Amino acid sequence: MHDIIVVGGGPAGMTAAIYARRASRSVLVLEAVACGGQILNTPDIENYPIEAHVSGYDFTTRVEAQARGLGAEFAFEKAVGLRRGGDAWVVETNKGGHRAKAVILATGAANRKLGLPDEDRLVGRGVSYCATCDGNFYRNKTVAVVGGGNTALEDALYLADLAEKVYLIHRRDGFRGEETNVARLRERPNVEFVLNATVSRLVAEKRLTAVEVTDVRDGSVRTIELRGLFVAVGRIPENQNFSSVIALDAAGYAIAGEDCHTAAPGVFVAGDNRVKPLRQLVTATADGAMAATEAVKFINEL
Ligand code: NAP
């Protein structure tokens, strides 16, 4: 039995492992695929307090080495369930199960994709799911944002300050996001609304050069030349496998405050799968530190 199982090897999970090991607690990190999570998609981390820019891959490699160097164990298994077993928590995985006194769920959230051919290949080559991470690469260029929620509206406002031109493509003519942001966008001379339209094709060779957009009313197709497409059609927090233990909000995010406690004693959440106003590398690592510190306190009090 471990003291702490961390589910998810992204920045939040690996930071939790570092903090737990520094408190001399045994730690097992369960990661389904490869450590890093969404930060692996970022070619150049510019908004994290660090003296030199690093890629998401380099960042992950170094933080994973740091956690392993401190004695954290890693297992590449997908967590599929969480339950109480005697005096411990049992994390069930695709390869069996592991027991621990405390569990930190740092499973992150997956970006909802458009589901278009080549979408995955073009991530980092014109397709992005994070305007605040990647917007700076598109200074004085033409970009588009897809979506009609608050994320899309805020992304479009953010990009309007950087890019030469921003198209906002949304499948309806009414927005799900706040009207004040819609009004702000209407005032921007470099923002053009493309409504009742869906992106139907990504036009690319090595990188994205244009998108084809289909009008949902008459099926007519328009080509928009651009350098960047920011997809903001919602996110899917990876909490489904734990919903019998932790409370989720309507969008599926784990309900927990800044102390990362859930209502289940000994179960903590850290990072993008938690209800929070800003999902960034810096807030994920902060959560990891907080969740591990609280988990250690919980174990000390057992
Ligand atoms: P969201 O509110 O779920 O909006 C997703 C948008 O994407 C919707 O407009 C939806 O269109 C569209 N969409 C979904 N699937 C699509 C597809 N396959 N193709 C094209 N369009 C698609 O997601 P979000 O904007 O990421 O926001 C998530 C939550 O965080 C919301 O509660 C939001 O208010 C909140 N948030 C708050 C703030 C803030 O308070 N500052 C900032 C950002 C986000 P339909 O409208 O037609 O369904």
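These numbers come from a predicted model, not from an experiment.

Q: Describe the site of the ligand, and please don't skip the residues or the numbers.
A: Neighbouring the ligand are 13 residues, the closest being Asn150, Thr151, Glu154, Arg172 and Arg176. A distance of 3.0 Å is found between an oxygen atom of the ligand and a backbone nitrogen or oxygen belonging to Gly148. In isolation the ligand offers 910 Å² of accessible surface; the protein chains occlude 66% of this area.

Q: Let's hear about the nonpolar core: which residues, and what values?
A: Counting residues in hydrophobic clusters, the biggest one holds 34 residues, and the most contacted among them are Ile4 and Ile104. Those elements that provide at least two residues to this core are β1 (2-7), α1 (11-22), β2 (27-30), α2 (56-69), β6 (96-105) and α6 (281-300). Counting 20 residues, the second largest nonpolar core, distinct from the first, contains Tyr138, Leu153, Leu157 and Phe193.

Q: Mind laying out the pattern of salt bridges, listing which residues take part and the relevant values?
A: This structure, assessed with the given rule, holds 17 salt bridges. For Glu92, the salt bridge goes to Arg83, with nearest N and O atoms at 2.6 Å. Of the residues examined, Glu92 reaches a relative accessible area of 28% and is grouped as partly exposed. Since its relative accessible area comes to 40%, Arg83 is described here as partly exposed. The closest approach of N and O atoms between Arg188 and Asp161, which form a salt bridge, is 2.9 Å. Placement of the pair is Arg188 in the loop between α5 (179-187) and β11 (191-194) and Asp161 in the loop between α4 (150-160) and β10 (165-169), with a sequence separation of 27 residues. By relative accessible area, Asp161 is classed as exposed at 58%. A single salt-bridge network, built from bridges that share partners, covers Glu258, Arg274, Lys276 and Asp287.

Reading the values: the criteria
- Residues numbered from 1 in each chain as written.
- Predicted model: local features only at pLDDT ≥ 70, side-chain atom pairs only at ≥ 80, totals over all residues.
- Heavy atoms only, no water.
- Near = heavy atom within 4 Å.
- Polar contact = N/O pair within 3.5 Å; in protein donor to acceptor, adjacent residues only side chain to side chain.
- Areas by Shrake-Rupley, 256 points an atom, 1.4 Å probe, with all protein chains shown as cover.
- Core = buried A, V, L, I, M, F, W, Y, C linked by side-chain atoms within 4.5 Å.
- Buried < 20%, exposed > 50% of the residue type's maximum accessible area, 1.4 Å probe, protein only.
- Helix = DSSP H or I, 4+ residues; strand = E, 2+ residues; numbered from the N terminus.
- Salt bridge = Lys/Arg side-chain N within 4 Å of Asp/Glu carboxyl O.

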